[in-house]
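Observations on the three-dimensional arrangement
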Amino acid sequence: NTDQGRELIRLTNDDRVKSVPAWSPDGRSIAFLSAEDGVYGIPQLAVIPASGGPARILTTGLDRWINSFRFSPDGQWIYIAYEHLGGANLARVRLRDGLLEPQLQGEQQVWSFDVSRGGALAAVIQHMNDAPELHAVARGRAQRLTGINDAFLRGVVRGSKEKVEFKSPDGTAVEAFVTRPPQSVAGRRYPTLLHIHGGPVGQFAYGFDFEAQYFAAHGYVVVQPNPRGSTGRGQAFVRGIYQNWGITDYDDVIAAVDHVIGMGVADPDRLGVLGYSYGGYMTNVIITRTHRFKAAASGAGHSYIAGNYGHDIYQQWYNWELGPPWENRERYDRLSPLLRAGQVQTPTLFLGGRDDWNVPILNAELFYQSLRKR
């Protein structure tokens, strides 16, 4: 305002989480991302008058996790990138009425994008097994403009990568990316690694994945599922693990392994499991619930949830989802794989960082000591 901020105008007054505000070209509106909560709430596109007034959510009908947005030069549209079934698409939303028009859909991952003063779209895009390159986007198609990673890709042999879809035991649809070793032979089964992503709110996606390719180059099939808690299937799917960490999503990741075994690709007698952060937590859960895996690697994974209350960075999250441990100890214990360490038969490598206050090393030390005792 005219007094350079000496008087502040509060525009919002509710419990929704807001992020990345941006001015419209004419300065009359502010767009931002708005979510029901800061853990599982899907960010939706909202706009509010800069002079004050009610905010409008423009993407209530999309039900997808919006990553970023840009105003069109005339301010009539807002372009968005949103996650969808292991990828990310582009669309635009009309400010006047929330009309949504797809701009680029399909099997790709849009990492970032921008809109020129003339309205042209440019985006960094990856496809199934390619490295990111800059593309021009027009009329629903992407034209590749750069070849920055071509020399690198010519110098390595990549394992093949595909997306598969299957059903969890309760009928929930889930997808996973499967990377096979280079020169893999049809009809032959390979040792297989179940690789679980962190977050838990996130997803494995299209594009070159160094970790999967590294293991594939050493003869492994790599299965990377997007279980409940992942971001490509809408609000209910993300919130499917609320107070159920390692329960509903356990069924999903095991179903992914079973599906790849059913494809005739994975060897059921040579299975390993690994993950970092929430993927490490899920690894801890898995070794307490099944003996199918011959080895495990748990990176920065929670093991004893009550032990982290007041110790890591998530007190607000714990209070919101689980309540204080002295009032809701059953919830904390039910979600703590350490308390089932007596059931573990899987040789496990624990990894963590001494100064990691996201998932403190305490979690690995407790589980390591418990398995050493056994």
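The structure we're discussing is the one just above.
Residues numbered from 1 in each chain as written. Predicted model: local features only at pLDDT ≥ 70, side-chain atom pairs only at ≥ 80, totals over all residues. Heavy atoms only, no water.

Brief notes about the overall build of the chain
- On a plain count of helices and strands, the chain comes out with nine helices and 19 strands.
- Its C-alpha atoms give the chain a radius of gyration of 23 Å, near enough to 21 Å, the size a compact globule of 374 residues would have.
- Along the longest, intermediate and shortest principal axes, the C-alpha atoms of the chain span 70 × 55 × 40 Å.
- Evaluated residue by residue, the chain yields a buried proportion of 49% over its 374 residues.
- Considering only contacts in the chain between residues 6 or more positions apart, those separated by 24 or more positions represent 55%. (Helix = DSSP H or I, 4+ residues; strand = E, 2+ residues; numbered from the N terminus. Rg over C-alpha atoms; globule rule 2.2 N^0.38 Å. Buried < 20%, exposed > 50% of the residue type's maximum accessible area, 1.4 Å probe, protein only. Contact = heavy atoms within 4.5 Å.)

Observations regarding the sheet that holds strand 15 (residues 190-196)
- Strand order in the open sheet made by the seven strands is 13-14-16-15-17-18-19, with mixed pairing throughout. The open sheet terminates on both sides in strands that have one partner only, identified here as strand 13 (161-167) and strand 19 (348-351). Strand-to-strand, the axes of this sheet are offset by a mean angle of 20°, without reference to chain direction.
- Two strands pair when backbone bridges link them, and strand 15 and strand 17 (residues 266-276) are joined in this way by six bridges, in the parallel orientation. The residue bridging Thr192 from the neighbouring strand is Leu271, located in strand 17.
- This element, helix 5 (residues 278-289), spans strand 15, strand 17, strand 18 (295-299) and strand 19 of the sheet and lies at about 135° to strand 17. (Pairing = 2+ DSSP bridges. Axes fitted to C-alpha atoms, helices over the stretch in contact; angles between N-to-C directions.)

Some remarks on helix 2 (residues 210-217)
- Of all the positions in helix 2, only Ala212, Gln213 and Ala216 are classed as buried. Looking down the long axis of helix 2, one finds its buried residues gathered within 95° of arc, a one-sided arrangement.
- Contact partners of the buried residues in helix 2: strand 14 (173-179) and strand 16 (221-226).
- Backbone nitrogen of Glu211 and a side-chain oxygen of the N-cap are separated by 3.1 Å at the start of helix 2; the cap is Asp209.
- Among the residues trailing helix 2, Gly219 stands out with phi positive, at a value near 95°. (Arc of directions from axis to C-beta. Polar contact = N/O pair within 3.5 Å; in protein donor to acceptor, adjacent residues only side chain to side chain.)

Side note on the layout of surface pockets
- The calculated volume of the largest pocket comes to roughly 230 Å³.
- Lining the largest pocket, in full, are Asp15, Val17, Glu36, Asp37, Gly38, Val39, Ile313, Tyr314, Gln316, Trp317 and Trp320.
- Among the elements that line the lining of the largest pocket, the one with the most residues is helix 7 (residues 315-321), at three residues.
- Across the lining of the largest pocket, the residue classes break down as six nonpolar, two polar and three charged. (1 Å grid on protein atoms, 1.4 Å probe; cavity = no way out; pocket = protein on both sides within 12 Å on 5 of 7 lines; lining within 4 Å. Points joined across faces, edges and corners; volume = space filled by probe spheres on them. Nonpolar A, V, L, I, M, F, W, Y, C, P; charged D, E, K, R; others polar.)

Remarks on the sheet that holds strand 2 (residues 29-35)
- Taken in spatial order, the four strands line up as 1-2-3-4 in an open sheet, and their pairing is antiparallel. Strands with a single pairing partner mark the edges of an open sheet, and in this sheet they are strand 1 (17-23) and strand 4 (56-57).
- When strand 3 (residues 44-49) meets strand 4, the two strands line up antiparallel, connected through two bridges. Bridging from a neighbouring strand, Ala46 pairs with Ile57 of strand 4.

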